[in-house]
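Single-letter residue listing:
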Amino acid sequence: WRYERPQKGRTRNFLQLNVDFLGSDSVEADVETVDLALSLLKASGIDMNNVEMKVNDRKLFDDVCIKLNITSEQKGRFLTLLDERNKLAEDEFFTKLQAINISLALSDLDILNNLQPSQRLVDVIEGAKQLGWTQISYDANLMRGFSYYTGIVFEVIETSGSFKRAIFGGGRYDNLLEAMGGSSVSGIGFAVSDVALLAALETQNKVINIPNQEKTFVIPFSKKEMPTANTIARKIRLTGKTVLVAVPPYDFKKQLTMANRLGAKNIILITPEELASGNVIVKDMETGEQKTISIKEI
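First, a word on what this report is: a plain description of the structure on this page. (Residues numbered from 1 in each chain as written. Predicted model: local features only at pLDDT ≥ 70, side-chain atom pairs only at ≥ 80, totals over all residues. Heavy atoms only, no water.)

### Considering the sheet that holds strand β4 (residues 152-158)
To summarise the sheet geometry, strands pair through backbone hydrogen bonds and adopt either a parallel or an antiparallel arrangement.
1) Next: Within the open sheet, the six strands sit side by side as β1-β6-β5-β4-β2-β3. Their pairing is mixed. Each having just a single partner strand, β1 (16-22) and β3 (136-138) make up the two edges of the open sheet. In this sheet, neighbouring strand axes are inclined to one another by 20 degrees on average, regardless of whether the strands run parallel or antiparallel.
2) Next: The pairing of strand β2 (residues 51-57) with β4 spans seven bridges and is classified as antiparallel. In the strand pairing of β4, Lys54 is matched with Glu155.
3) Next: Sheet strands touched by helix α8 (residues 194-203): β4, β5 (166-172) and β6 (187-193). Its angle to β6, the strand with the most contacts, is close to 60 degrees. (Pairing = 2+ DSSP bridges. Helix = DSSP H or I, 4+ residues; strand = E, 2+ residues; numbered from the N terminus. Axes fitted to C-alpha atoms, helices over the stretch in contact; angles between N-to-C directions. Contact = heavy atoms within 4.5 Å.)

What follows is the structure in structure tokens.
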């Protein structure tokens with residue numbers, strides 16, 4: 001959950017996929033994370049011709065802060081404000097700078113326009129391009145709002161024109177775990193929400209290709225048949241299929257209604273009479289066909 005104004009691709013309630021590579025501060029770890037981020041989009045069905053990945057290096061701004069006399073206490077808020085710069089009117093940006101006791105002239109920020117990519121950034125971009133990702137490029141204005149980033153930062157942007165924001169982003173955070181009381185462990189990662197991914201797909205008139213998962217609904221007659229129901233469910237689940245097991249109250253009519261509402265294709269009814277013979281009743285909800293089979297046949 002997040003506490004802010006909902007907007008396209010960004011809601012207060014969402015599911016988030018987190019990907020983190022811990023334990024290495026190498027360029028290779030950066031390249032693999034970038035590769036995975038772009039591969040995730042491609043596998044989801046996104047048209048990669050309408051995707052760009054912008055990258056920058058937060059370490060470049062260590063020298064910038066020194067030259068602009070930004071203190072270590074001010075640095076986090078200054079970089080966060082730089083991240084918002086493109087979304088603010090010029091006077092609003094400088095008003096916010098003054099609010100955090102930083103006095104700069106427009107000419108002072110010329111230093112940002114002349115920043116060149118670090119060697120590490122060059123190596124990451126080259127490593128990604130060797131893997132076929134031609135849509136990656138350096139962006140001196142990319143900052144990412146979180147203060148804990150220590151190295152490479154990146155954002156993946158849908159460029160067709162109507163999405164108008166990053167799909168997701170991430171970066172390197174080599175001091176974060178230690179700052180939170182843990183060990184000194186390097187890390188780089190990213191997070192993507194289901195809302196942003198679906199919005200990007202909708203922008204491109206695409207849907208996620210989700211394999212058809214047939215649901216089987218197992219309904220015991222009573223608590224007495226429940227152990228058999230769980231055993232059957234487990235055996236089917238081990239084949240990779242989706243199984244739901246009815247829970248009390250055990251009422252065939254109500255449970256069949258529930259199974260229909262949940263889109264179950266197959267129903268397995270476990271009655272005392274059939275179970276005494278080692279059998280169950282299987283019903284195909286699409287055709288209405290119903291037959292008695294041995295539990296061993298399931």
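After that view, the rundown keeps rolling.
### Digging into helix α4 (residues 90-99)
1) Next: Regarding α4, the residues found buried are Phe93, Phe94 and Leu97. Along the long axis of α4, the arc covered by the buried residues comes to 90 degrees, so they all point the same way. Residues of α4 that are exposed and point over 90 degrees away from its buried face: Asp91, Gln98 and Ala99.
2) Next: Looking one or two residues past α4, Asn101 carries a phi angle of roughly 60 degrees, positive in sign. (Buried < 20%, exposed > 50% of the residue type's maximum accessible area, 1.4 Å probe, protein only. Arc of directions from axis to C-beta.)

### Some remarks on unusual backbone geometry
1) Next: One non-glycine residue with positive phi stands out, namely Asn69, at about 60 degrees.
2) Next: By the element assignment, Asn69 lies in the loop between α2 (60-67) and α3 (72-84).
3) Next: For Asn69, a relative accessible area of 65% puts it in the exposed group.
4) Next: Phi at Asn205 is positive, roughly 55 degrees, even though this residue is not glycine.
5) Next: Its place among the elements puts Asn205 in the loop between α8 and β7 (215-220).

### Some details on the packing of aromatic side chains
1) Next: For the structure shown, the criterion picks out six aromatic pairs.
2) Next: Relative to Tyr173, the ring of Tyr148 has its centre 6.4 Å away and its plane inclined at 90 degrees; by these criteria the two rings are edge-to-face. Placement of the pair is Tyr148 in the loop between β3 and β4 and Tyr173 in the loop between β5 and α7 (176-179), with a sequence separation of 25 residues.
3) Next: With relative accessibility at 31%, the residue Tyr148 sits in the partly exposed group.
4) Next: Aromatic rings pair up to connect Tyr148, Tyr149 and Tyr173 into one cluster.
5) Next: Across from the ring centre of Phe93, 5.5 Å away, lies the NZ or CZ of Arg85, which sits over that ring. (Phe/Tyr/Trp six-rings, centres within 6.5 Å; stacked < 30°, edge-to-face > 60°. Lys NZ or Arg CZ within 6 Å of the ring centre and 35° of its normal.)

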